[in-house]
Amino acid sequence: MSPGSEGGPQAPRHETRTLGELAAAFLRRHGVEVVFGIPGTHNLELYRGLAREGIRHVLTRHEQGACYAADGYARATGKPGVVIATSGPGITNCITGIANAYADAVPLLVFSPGPARGEERRDLGFLHEAKDQRAGIEAFAEESIRVEDATALRDAVYGTFARWGVGRRRPVHIELPTDAIGDTYEVDVEEAWSSPPAVAAAGTIHLAADAIARSRRPLLVAGGGAVDAAEEVTAFATEFGVPLVTTLAGKGVVNEHDALNGGAVAGSSSPAQILADADCIIACGTELKNAGHVAAEATIVRFDVDAGRLHRHRAAHVPVLGDVALTLPAVAERLRDAGGARIDPGWADRAVAAARGHVAGAVERWAGIHRAIVAGAGPNVVLTGDSSQISYIGTVSVPLFDAPRRFLSTDAYATLGYALPAAIGASCARPGTPVVAVVGDGAFMFSVQELATARTDTRGLPVLVYDNAGYAEIRQNMADAGIEPYAVDLPRPDYAALAQAFGCAYDRADDASAVEAAIRVALAREEPTIVHVRAEVYSD
């Protein structure tokens with residue numbers, strides 16, 4: 001075994017590498033094992049580096065699919081997802097995936113070549129030239145960084161990972177000039193930079209505990225910023241008897257079978273009475289997008305690593321800047337010393353009942369099919385969803401998960417085409433864990449080509465397509481607005497032939513028992529399976 005290869009820090013490696021190879025070496029130094037992308041004429045040195053470092057590359061069929069797959073990988077693991085694209089159309093194909101990751105705060109690192117040094121914004125007519133490639137990407141990413149030498153590349157990669165360790169994690173693009181990507185350097189591949197998480201000041205901790213102690217109807221709201229603090233959030237809610245709800249991104253932060261968990265109702269556009277009834281909102285890693293439903297007189301205590309989010313949508317009375325996993329236990333200790341919470345008798349039961357009643361309609365409509373999916377896949381299943389009603393209404397509400405990172409779906413940006421490539425990413429991230437993509441027929445067609453990727457890079461992936469022959473939600477929106485439905489019906493393809501063309505299996509499921517059986521059989525296959533559910537004939 002070479003020194004430092006396992007069991008401790010690795011010694012710096014002093015070798016000659018191209019700039020593209022160094023990018024791969026820097027990624028490997030940060031624990032990156034899998035990347036997603038498509039090779040092109042201008043990014044070959046990056047691929048030389050991936051091969052040299054032994055980093056697995058998943059070849060998607062579209063760069064947007066690469067971003068969604070990397071996004072699913074990141075959400076399933078908490079580790080950053082990495083994408084390799086070529087210049088011009090390759091990187092512009094990534095824009096929607098980057099925008100989606102930005103909206104949901106997913107750590108995505110996207111590499112691409114860019115114009116040669118001195119050729120930016122010159123309109124020279126070269127292959128893949130864009131007016132201003134970086135400006136276009138930066139409009140959707142947290143940052144687009146152009147690096148022209150090894151030091152700048154090191155600072156960009158190491159700095160991005162370091163910032164992700166202490167703050168809000170959003171996508172970053174790194175551009176390497178086409179005439180620099182092959183330049184050689186003899187440099188040390190140093191250790192990752194340390195980035196200790198932020199801890200709130202003691203005075204702020206005391207103010208938060210005191211505000212909670214004064215409340216009689218506190219409600220904890222857990223968002224995506226709390227998914228790595230599941231143990232701490234659960235311990236806080238349990239010790240003090242505080243009821244809670246989550247956002248879509250926070251689903252499962254506390255076991256959804258727990259009597260204190262009202263479910264994933266926070267963040268929805270429809271008002272939840274539970275938010276209006278609370279006299280203190282304990283917001284953990286959430287933007288409080290539906291803060292307008294909170295009572296005007298309620299006290300707001302907010303925990304977040306991003307100072308810019310502590311007053312978003314609703315100003316916090318007590319803003320707590322710091323990592324939820326570190327700050328919430330400190331508040332609990334102070335609250336414990338103060339005699340604990342003084343919650344009104346029956347408040348927790350009423351709050352949870354109100355929250356669960358809020359989603360009762362959705363549960364009724366989508367209950368059978370989701371229970372069948374879980375029965376077929378097992379309780380540890382990871383579900384990926386899309387901006388399809390079956391996902392953002394059904395999967396959010398029906399399956400009860402005992403841990404976070406079990407439902408991966410687009411939320412704020414609400415893109416179509418996410419579920420299938422995200423399932424590929426999740427399968428790569430968690431081999432051996434059952435993963436099922438749940439998607440509407442319209443959304444499925446946005447990334448249907450990724451069946452080819454699933455065929456080569458996953459094992460036994462069920463893709464359940466809920467087929468209502470069109471954009472049902474938009475059809476209903478038009479009808480509600482008094483518009484004769486127009487351009488919302490989709491001719492139904494031959495799904496069996498489609499599956500065969502991609503080397504996949506096909507099952508049609510017309511009732512819940514057939515769905516359960518199809519999912520179970522699909523997971524045992526080598527190839528992916530399209531599980532086709534026709535809405536007009538399906539029954540529970």
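Scroll up to find the structure.
What you see is a predicted model; the values in this text were computed from it and never measured.

1. Looking at the pattern of salt bridges
Logical step 1: Evaluated as defined, the whole model comprises 33 salt bridges.
Logical step 2: Ionic pairing is found between R309 and D306, a salt bridge with its closest N-O pair at 3.9 Å.
Logical step 3: Between D489 and R475 there is a salt bridge, with the nearest N and O atoms lying 2.8 Å from each other. Taken together, the residues span a long stretch of sequence, with D489 in the loop between α18 (472–480) and α19 (495–501) and R475 in helix α18 at a distance of 14 residues.
Logical step 4: Look at R475 and you get partly exposed, because its relative accessible area is 23%.
Logical step 5: One salt-bridge network, held together by shared partners, links E120, R146, E148 and E175.

2. Topic: the packing of aromatic side chains
Logical step 1: Counted under the stated rule, the structure contains eight aromatic pairs.
Logical step 2: Three or more aromatic residues link up through ring pairs in this structure, and these residues are F26, Y158 and W193.
Logical step 3: Between R170 and the ring centre of Y102, over which it is positioned, the NZ or CZ distance is 3.7 Å.

3. Remarks on the pairing of strand β6 (residues 143–146)
Logical step 1: In this structure, β6 lies alongside strand β7 (residues 172–177), joined through four bridges in parallel fashion. Within the sheet, the bridge partner assigned to I145 lies in β7 and is I174.
Logical step 2: Between β6 and its parallel partner β7, the chain crosses via helix α7 (residues 150–164), and the hand of that crossover is right-handed.

4. Considerations on helix α12 (residues 347–358)
One turn of an α-helix holds 3.6 residues; hence residues three or four places apart share an orientation.
Logical step 1: Between its first and last C-alpha, α12 extends 16 Å over twelve residues, near the 16 Å set by a 1.5 Å rise per residue.
Logical step 2: Regarding α12, the residues found buried are W347, A348, A351, V352 and A355. The buried residues of α12 occupy an angular sector of 120 degrees when projected down its axis, which confines them to one face. Turned more than 90 degrees away from the buried face of α12, the exposed residues are D349 and A353.

5. Here's the deal with the pairing of strand β13 (residues 318–321)
Every other side chain in a regular strand lies on the same face of the sheet, so the side chains alternate between the two faces.
Logical step 1: Going residue by residue along β13, you find V318 and V320 tucked away on one face and P319 and L321 left uncovered on the opposite face.
Logical step 2: Two elements, strand β12 (residues 299–304) and β13, share four bridges in a ladder whose sense is parallel. Of the residues in β13, the one forming a bridge with D304 is L321.

6. Brief notes about the nonpolar core
Logical step 1: Counting 50 residues, the largest nonpolar core has F36, C94, F444, L451, L461, V463 and I530 as the members making the most contacts within it.
Logical step 2: Excluding anything up to four places from it in sequence, I530 contacts F444, L451, V463, V465, Y495, L498, A499, A505, Y506 and D507.

7. Some words on the sheet that holds strand β4 (residues 81–84)
Within a beta sheet, neighbouring strands are joined by backbone hydrogen bonds and run either parallel or antiparallel to one another.
Logical step 1: Taken in spatial order, the six strands line up as β3-β2-β4-β5-β7-β6 in an open sheet, and their pairing is parallel. Both edges of this open sheet fall to β3 (56–59) and β6, since each of them pairs with a single strand only. Adjacent strand axes in the sheet meet at a mean angle of 25 degrees when their direction is disregarded.
Logical step 2: Pairing of strand β5 (residues 108–114) with β7 involves six bridges; the strand directions are parallel.

8. A short note on the sheet that holds β13
Logical step 1: Taken in spatial order, the five strands line up as β10-β9-β11-β12-β13 in an open sheet, and their pairing is parallel. The sheet terminates laterally at β10 (244–246) and β13, the two strands that pair on one side only. Neighbour-to-neighbour, the strand axes of the sheet open up by a mean angle of 15 degrees, direction not taken into account.
Logical step 2: Note: strand β9 (residues 218–222) against strand β11 (residues 280–284), five bridges, orientation parallel.

9. Some points on helix α1 (residues 19–29)
Logical step 1: Counting buried residues in α1 gives ten out of eleven residues, a clear majority hidden from the surface.
Logical step 2: At the exit of α1 stands G31, carrying a positive phi of roughly 85 degrees.

The rules we used
- Position numbers for residues count from 1 along each chain, tracking the sequence in the order it is written.
- Residues qualify for local features only when their pLDDT is at least 70, as the model is predicted, and side-chain atom pairs are given and counted only at 80 or more; totals for whole chains, interfaces and linings, by contrast, use all residues.
- Water and hydrogen atoms were dropped before computing side-chain values, which therefore reflect all heavy atoms in the structure.
- Any Lys or Arg side-chain nitrogen found within 4 Å of a carboxyl oxygen on Asp or Glu counts as a salt bridge.
- Elements are defined by DSSP. Helices are runs of H or I of four residues or more, strands are runs of E of two residues or more, and each kind is numbered from the N terminus.
- Partly exposed residues are those whose accessible area sits between 20% and 50% of the maximum for their type, while under 20% is buried and over 50% is exposed, using a 1.4 Å probe and protein chains only.
- Two rings from Phe, Tyr or Trp (for Trp, the six-membered ring) form a pair when their centres sit within 6.5 Å of each other. Planes less than 30 degrees apart are called stacked, planes more than 60 degrees apart edge-to-face, and all others tilted.
- The criterion is that NZ of a Lys, or CZ of an Arg, lies within 6 Å of the ring centre and within 35 degrees of the ring normal, and then a charge sits over that ring.
- Here, strands pair whenever DSSP counts at least two bridges between them.
- Crossovers are described as right-handed under a simple rule: with the strands pointing away from the observer, the path leading from the first strand over the helix to the second runs clockwise.
- Residue count minus one, scaled by 1.5 Å, sets the expected span of a helix.
- As used here, the arc is the angular range of directions from the helix axis to the C-beta atoms.
- Nonpolar cores were defined as sets of buried Ala, Val, Leu, Ile, Met, Phe, Trp, Tyr and Cys residues, with membership established by side-chain atoms within 4.5 Å.
- By definition in these notes, contact holds between two residues if any of their heavy atoms fall within 4.5 Å.
- Axis lines are fitted through C-alpha atoms, for helices just across the contact stretch, and the angle between N-to-C directions can take any value from 0 to 180 degrees.

Structural measurements only, silent on function.
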